[in-house]
Structure formats: C-alpha cells, structure tokens
Amino acid sequence: MEKITEKLLLEKGAPKTNKLEQIKTLNLSQLALKPQDLPVRLLSRLQSLERWDLSGNRLQELPTNLELPALRYLDLTDNQMEDVTTLESLSGLEELKMEDNLYITVSDNYKLMVLLPKLRIYNGKDVSTTANHLRFVYSENLRTRIAAVWEKSFSLPDPITAQKMSDLEKNFVNTARQQVKYGPSSVSDFTKWKVEIIAKEYLSSLTEPKEEPERKESTDTKENSDVSTPTKRKQTASVVDSSISLTPRKKSRTDLPASPVEASPRKSSRKLQTLTQTSTVRMSPRKTNQPPSTPTRGQTRAETPKRASKVRQTKEDDGAHIKQKNRTEDVLSTIKICSNTKHPVSLKPLHVLQCHSKQDSSEDFSTQLWACAFQPLPDSTGAGGGSRLVATCGGDSLCVIDCETGMVMKKYKVSGEEFFSLAWSTVLMSRGGGASAQHCSILAAGGKRGLVKLIHPRNNVAYGEFRASRKALSVLRFNHHQGNFLFTGSYDNKIVMWDIGGVDSQYNYKVIQLLVLEVSATPLHICLPPTSPSSHLLTACEDGLHCYNTQLGTNNTTKSRSEEMEITFPIYKKEDKDHDYHTIDGLSFLTDDIVASKNYMHGSIYLWSWSRTKAQRPDKKDRTVSAVVLAELQWAHTEIPYLALNTCPGKAYIVCGDDKGRLWTYHITNLQKNCFQTGKPILPTEVLEWPTPVRKGLGQVEGPSINSVAMDPELRFLVALSDKNMVIVWKREESS
C-alpha cells in the first residue's frame, strides 16, 4: 500500500498549487489507508485544511498530537476506529462523521463530545445540547462526587514527595473510579474515563493552587457549556452599522413583504405568506396532532381561533445549552432618537436585536417571539431598584438581555423546541455547612414539547427540567407571594399547579404536583390577584375568562377542580356568525383591584374591577358573572389575535402593541365613576410609532405584529417582541 506522500496530498487537495499550506479541502477516501500511512510531519503542514475526507479506509486511530488548527470538518465514515482519544488535538472540529465504525460505542461518542470542545454536528445531527451537558453539568456532578471521595478518605502526605504523590494519585484515582457512580450503566466506560481525568486534575489543584488549573478549565469549557456569560460587546461603529439600523420614522412601509409567520400555535393564520431566508412562500408546517389552526383573515370566524401546533416533535437529545453572544448580527440597531412629546413617561427606541435567529442567521425574519419578562429583585428588600435584565423567548431559544447595553448576556437553546412562555421567580438556595439559605432568581420556560426548563442564570446553570404536559405548554406563571409555586397552562386544556421547591448547592430539586384545573379551552394568560394570589386564579382562554379557586387546605383537598365562575363582557352581546369575541388574548392587573383585558377583534381594552365583579353572586347553573367595567380604552382595529397587553402598576401604565409595530400606551391615574357609561373610549396617552429599522440593501423593515411587551417596575425600559424575530428595547427619557 502506498503511503501518504506530498505528491499525493497535492494531487488530491490542490492540484493547481505546489504548497501544502494552501490546501483547504482534502479527499483521501477509499485508499485503504492505515494509521501508519499518515505521517504526522507531512500532515502538520496542512495549516489551512478545513475539510478532510478519510472515509472508506482502515484507520483504527489517527496520529497523536496531530494539529490542524483550521480543520472544521472530518469524515471518518467506514473505518475501523477504536481509539477516539487520538482526535483530541483536533480541537477546532465542528462537524464529525463516524458512521460504520463497528467498534465505536456510546461511551466513545460521549468522549468525542468532551474531547472536541467545538463539536456541534455529529453523524449529521446537532449534538450541541448533549455535548454541552456532558462538558459542564455532567462533569460538574462528577467533580462534586470526586471531591466527596477525597474529603472522606484521603489527605495530602506530610512531607510531600514525588513517590508519595505518585502512590496517592494511583490509590485516589482507583478509589474514585470504583466509588463514583453517575449516569446510565450504558456509559459507565465514559464515566470511569472522565472520573480518572477529573480525579487527577483535582489532586493536582490541591498541590498547585496558584495556577488554578481547574478554574481555568471551567472558564474555557463554559464557552460551549449549558450556560455561559458573554464577553462584553465592544461599543464600536460596527454595531450601529450592522445589517439593520434605525432611521427617522416614515410613513412608507412597503419595502419588505408582510409579517412572516413560522406557523406558531398562536398565529398560524395571521398572514397567508411566510417570509423565509430565500423569500419563498410556504404555508404552516404544523401538524394535525396539535390543536387546530386559526382561520385566515379572509375566512369567517364561526368559532374561536385556535393556535395550531408548532413543529412536529423530534427525538433530539433533550439537554440544553446557553451560548455566549458577542456578534453584531444580534444587534440590529443601537441609536438614540430624541422625542419632543411631553407625556408622563417619554420613551425612545434604543436597541433592535435579532437574537433568536435560526442558526444565528441575520436573514431570519420568520422566527416569532412570544414572551418576555424582566428579572425580579433577588430578595424582598426592594434594595437596588428594578432590574434591567429581560428574558425573551421564541423559536428554539431563550435569551437574557441587558436593556441598557443591548448585550445578549445568555442564550439558552434546546434543539427541536419552540418556546412559548417564560416566567421569573425567586426561590431559596441552601448552601450547606450550616450556612443560611440565600434568595436566587430562577427562570422557567416551556413550549411545544411540554417540558419546563429550570435555569439559574446568575450561576450559569440550566439545572433541571420536568414534564408538565404531554402537549405543548401555552403559558407559565409563578405565584409572586410564594415563589416555588408554578402554574403551567397547556394545549390539553389544563392548568397545573406545581411546587418546584428550592435548590441546594448541588442543584438538587424536587417537583410536586399540587393541583389540576380543568379548563374548557387553551389557556392563553394566567393572572393571580395581587391581594389573593394563593386563593384565586384568573385565566384568559380561547373561549373566555375563567376564575378558579386555588386555595390549598383541608377544606378542599381534591387535586382536580373545575372553574368557580366565568366572567363575561359587554362585547359578547355584539357577537354574530362572523364575530366571536370570546377569546381573551390580553390580561393583566393594573392595581390590586383594576384589571386590563382585551378581547380578540374588539378595538378596545376593558378596565374592570376584580373585587366588585367577584362580589356578585354567579348563577348556580351557568356560573357566569358580568365584569364590572370601569372604562374602555381605544385600541387598534385588527383581526390579528394574540397581541398581548401588559401593565406597569408602579407607573400606572398599560401598553399594548398592534399589527403595525406600534405601541399604544395609556397612563391611567384616575377613573371617573361614569366614564364607561358615556360610551366614549378613552384615547391613548401616546401611540409610539414603529422605529422603522433599515436592513442594508432591502430598505425599511415594515412594522410587524407586536406579540408581547414587558416593562420593569420603574418603567425605565420597555421591551416589545415581534413576529419578525426582532426584540425592540425602548428607554425612558429623563426629563430635562
């Protein structure tokens, strides 16, 4: 068999050049090569090699210490590979093929994901989530157990000598391999291999503390781990001059096609066309095994609009990761625009971010963004003011954004997921060793897979998940008085109350199901009355607004309950075969008593009294009660559903976006007793126009539908999410 020669490399890789250093793609498949046929000295000259095909040979391993810094793709299909650790030096690999290697086990697959820190695609599948789980979460669990073995049975010799340390290392490693049990038995070989590596590193860290090898490794690993914090984005002109920038407001919005739809469950019919990266048109890909779709705008609404299913379920690995984001593609614009309007709160557009893109593509204008919420204060003292960190979700990712800088601090991704809702809470974290527990902010998120993901952003840990439903989750809400109580609403027409408990220093947790509420239709929003969050729950559904008793105690021990009453609205009287106003697609408390709600296709927002409505005695047969309406706020006329409103009680503000990218704001300080009876809706305090960002080469981005808005308690920032994969951050202008 002819060995690899420089002549062969040039012939296969770059026939038009005489320099190995210039070869970028090399095909050495079907040459029956063996390990000894790959000379390290010759191959090491391939410093520009990016793609290497070695399929169909007889390789059991690769040469050790082979460094190819530019190599991103390697095909080892149909070989006889046995020792995968020889690939460790190829640290830049992003895609690897290892199919048809009979001796490769599951443990070998896991070893590759740990050895190759940038590996994302393995045998044609995206393994980012699994790989990051192994690199960080799995390894941290092993490290904790190894440290426990050391504390229990070992100590450093006195005096320290080379022979004593050698004997100690051998004994410690063998003991750790025997005693540390973690993960399924099918990957025990991987676990023992990793335990040996970590045990040696742990012992080394005890004798060489100044070098902090473990700390350094942890930092490097987290760049591709479950959760990581990005380096600070440089404030240069490249951010402002990115693919999209803000321009002064203009009336013309005809440069781009209509708002794209990725066939979400909430707006599968809001537009008839979908804008894809290649500008092709396609209809909703969602399948019939999920809730039916909403009728199109041209159809009559004989029934309440249903949110179609998202995307078909996949069998992707169910791990998760949060990536660093320091890319100019994420920030579409960062520019100040002064406003001359004089209102109680004057807001200006500050950032437009495109941070939920599929495969981080700046061409993605189809991913719809669904929910956003500001991080609550870490404790109940109220010190330090409101947070400027907001969480947003849409597509397969969840982002935590610093509103001031426009930096995406963390990005959490789950392959095959589509997130529809998220919620912040504050729970207790026990620290052990007699130390008092501390408050920590956690984030829960869920979507089409029916799983709730639990994240501790501050410590960069996605620490758990649990199945809340066999169908997609539509809404999540924590009890703000008892942060470990979480409500989940799902497409099986149920709301479930969970106790997620707290966490310990090792992120152990326990989830208990407390209560199941039988709902008549898909829940869209959940609100807990500020004065009685543990006894009542309001849910806005596809078929109306319903109230439930959620009080736990001996008087009502059943875990499954039906509604206590349904709240009806005056607009119901105007329904006909073409207009069904029962869908409540906006709901939020403005004060302890005043509720703001919005009915689909109704061009107004109702303000009504919770206490006075609840005080009425509902009919024993149908359990319905009329809302005690205090006022009507004029809003947009649109047939686009699921444009959620939100409130800022501290500043007495209500905000709701429309289908043209505008934000309707209402400053409510005083409600006249008879203002509803006058029949004249209250005009908005201000309508904030779409800031018209401009995409290079394509002109202005047309105003999209604003699916959701959120404000921090001080109303320093307002965040709006669009159905065109754009997060718009507005900032309050300080009065001069």
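Check the entry above for the structure.
Since this is a predicted model, take the numbers as computed values, not measurements.

1. Side note on the overall build of the chain
Next up, step 1: A tally of helices and strands in the chain yields nine helices and 41 strands.
Next up, step 2: Among the 736 residues that make up the chain, the fraction classed as buried is 55%.
Next up, step 3: For the chain, the share of sequence-separated contacts (at least 6 apart) that also reach a separation of at least 24 residues comes to 58%.
Next up, step 4: A total accessible area of about 32,600 Å² is found for the chain, and carbon and sulfur atoms account for 47% of it.

2. A closer look at the pattern of salt bridges
Next up, step 1: Here the structure, examined in full by the defined rule, presents 16 salt bridges.
Next up, step 2: The salt bridge partner of Asp360 is Lys411, with a shortest N-O separation of 3.2 Å. Here Lys411 lies in strand S14 (residues 407–413) and Asp360 lies in the loop between strand S10 (347–353) and strand S11 (369–374), a separation of 51 residues in the sequence. The burial state of Asp360 is the same as that of Lys411; both residues are buried.
Next up, step 3: Measuring nitrogen to oxygen at the nearest pair gives 2.6 Å for the salt bridge that ties Asp658 to Arg662. In this structure, Asp658 and Arg662 share a single accessibility class: buried.

3. Thoughts on the pairing of strand S34 (residues 653–657)
Next up, step 1: Across the five residues that make up S34, a large majority, five, are buried.
Next up, step 2: The alternating pattern of S34 places Tyr653, Val655 and Gly657 on one face and Ile654 and Cys656 on the opposite face, and all of these are buried.
Next up, step 3: The sheet contact formed by strand S33 (residues 645–648) and S34 spans four bridges and is antiparallel. Each residue of the ladder has a partner; that of Thr647, found in S34, is Ile654.
Next up, step 4: Sheet topology places S34 next to strand S35 (residues 663–667); five bridges connect them, and they run antiparallel. What sits directly across from Val655, in S35, is Thr665.
Next up, step 5: Between S34 and S35, which pair antiparallel one after the other, the connecting turn spans five residues, and Gly661 there sits at a positive phi close to 85°.

4. Observations regarding the nonpolar core
For soluble globular proteins, nonpolar side chains are generally found buried alongside one another.
Next up, step 1: Counting residues in each nonpolar core, the largest one holds 63 residues, and the members touching the most others are Trp52, Leu74, Leu76 and Leu96.
Next up, step 2: When residues of this core are traced back to their parent elements, those giving at least two are helix H1 (6–13), helix H2 (40–43), helix H3 (106–115), helix H4 (128–153), helix H5 (162–179) and helix H6 (188–207).
Next up, step 3: Of all the elements, H4 adds the most residues to this core, at eight residues.
Next up, step 4: Ignoring sequence-local partners within four residues, the contact set of Trp52 consists of Leu26, Leu28, Leu43, Leu66, Leu68, Leu71, Tyr73, Leu74 and Asp75.
Next up, step 5: Counting residues in hydrophobic clusters, the runner-up holds 24 residues, among them Tyr463, Ala468, Leu473 and Phe478.

5. Examining H1
Next up, step 1: Here H1 has its buried residues at Leu8, Leu9 and Leu10.
Next up, step 2: Of the surrounding elements, those touching the buried residues of H1 are strand S1 (25–27) and H2.

6. Some remarks on the sheet that holds strand S36 (residues 686–688)
Next up, step 1: Sheet architecture is open: four strands sit in the order S33-S34-S35-S36, paired in antiparallel fashion. Strand pairing shows two members of the sheet lacking a second neighbour, S33 and S36, which therefore form its edges. For this sheet the average axis-to-axis angle between neighbouring strands, irrespective of direction, equals 20°.
Next up, step 2: One ladder, built from three bridges, connects S35 with S36; its direction is antiparallel. Across the sheet, Leu663 pairs through a bridge with Leu688, a residue of S36.

7. Considerations on the environment of Pro457
Next up, step 1: Counting through the fold element by element, Pro457 comes out in the loop between strand S17 (451–456) and strand S18 (461–467).
Next up, step 2: Remark: the alpha-carbon pair of Pro457 and Met409, spanning 48 residues in sequence, is separated by 9.3 Å.
Next up, step 3: Not counting residues up to four positions away in its chain, the partners in contact with Pro457 are Lys410, Trp424, Ser441, Ile442 and Leu443.

8. Focus on the pairing of strand S19 (residues 473–479)
Next up, step 1: Taken across its seven residues, S19 has six buried, putting it largely inside the fold.
Next up, step 2: Between S19 and the antiparallel strand that follows it, strand S20 (residues 482–490), lie two residues.

9. Side note on the packing of aromatic side chains
Next up, step 1: Using the criterion set out here, one finds 17 aromatic pairs in the structure.
Next up, step 2: Relative to Phe172, the ring of Trp150 lies with its centre 5.2 Å away and its plane at 80°, an arrangement referred to as edge-to-face. Of the two residues, Trp150 sits in helix H4 while Phe172 sits in helix H5, which places them 22 residues apart along the sequence. Accessibility assignment for this pair places Trp150 and Phe172 in one class, buried.
Next up, step 3: Three or more aromatic residues joined by ring pairs make a cluster, and in this case those are Tyr110, Tyr138, Tyr182, Phe190 and Trp193.

10. Things to note about the environment of Ser626
Next up, step 1: Position of Ser626 among the secondary structure elements: in strand S31 (residues 624–626).
Next up, step 2: Owing to a relative accessible area of 43%, Ser626 belongs among the partly exposed residues under this scheme.
Next up, step 3: Between the C-alpha atom of Ser626 and that of Ile567, which follows or precedes it by 59 residues, the distance is 5.6 Å.
Next up, step 4: The contacts of Ser626, once residues within four sequence positions are left out, are Thr568, Thr613 and Gln616.

Conventions adopted
- Residues numbered from 1 in each chain as written.
- Predicted model: local features only at pLDDT ≥ 70, side-chain atom pairs only at ≥ 80, totals over all residues.
- Heavy atoms only, no water.
- Helix = DSSP H or I, 4+ residues; strand = E, 2+ residues; numbered from the N terminus.
- Buried < 20%, exposed > 50% of the residue type's maximum accessible area, 1.4 Å probe, protein only.
- Contact = heavy atoms within 4.5 Å.
- Areas by Shrake-Rupley, 256 points an atom, 1.4 Å probe, with all protein chains shown as cover.
- Salt bridge = Lys/Arg side-chain N within 4 Å of Asp/Glu carboxyl O.
- Pairing = 2+ DSSP bridges.
- Core = buried A, V, L, I, M, F, W, Y, C linked by side-chain atoms within 4.5 Å.
- Axes fitted to C-alpha atoms, helices over the stretch in contact; angles between N-to-C directions.
- Phe/Tyr/Trp six-rings, centres within 6.5 Å; stacked < 30°, edge-to-face > 60°.

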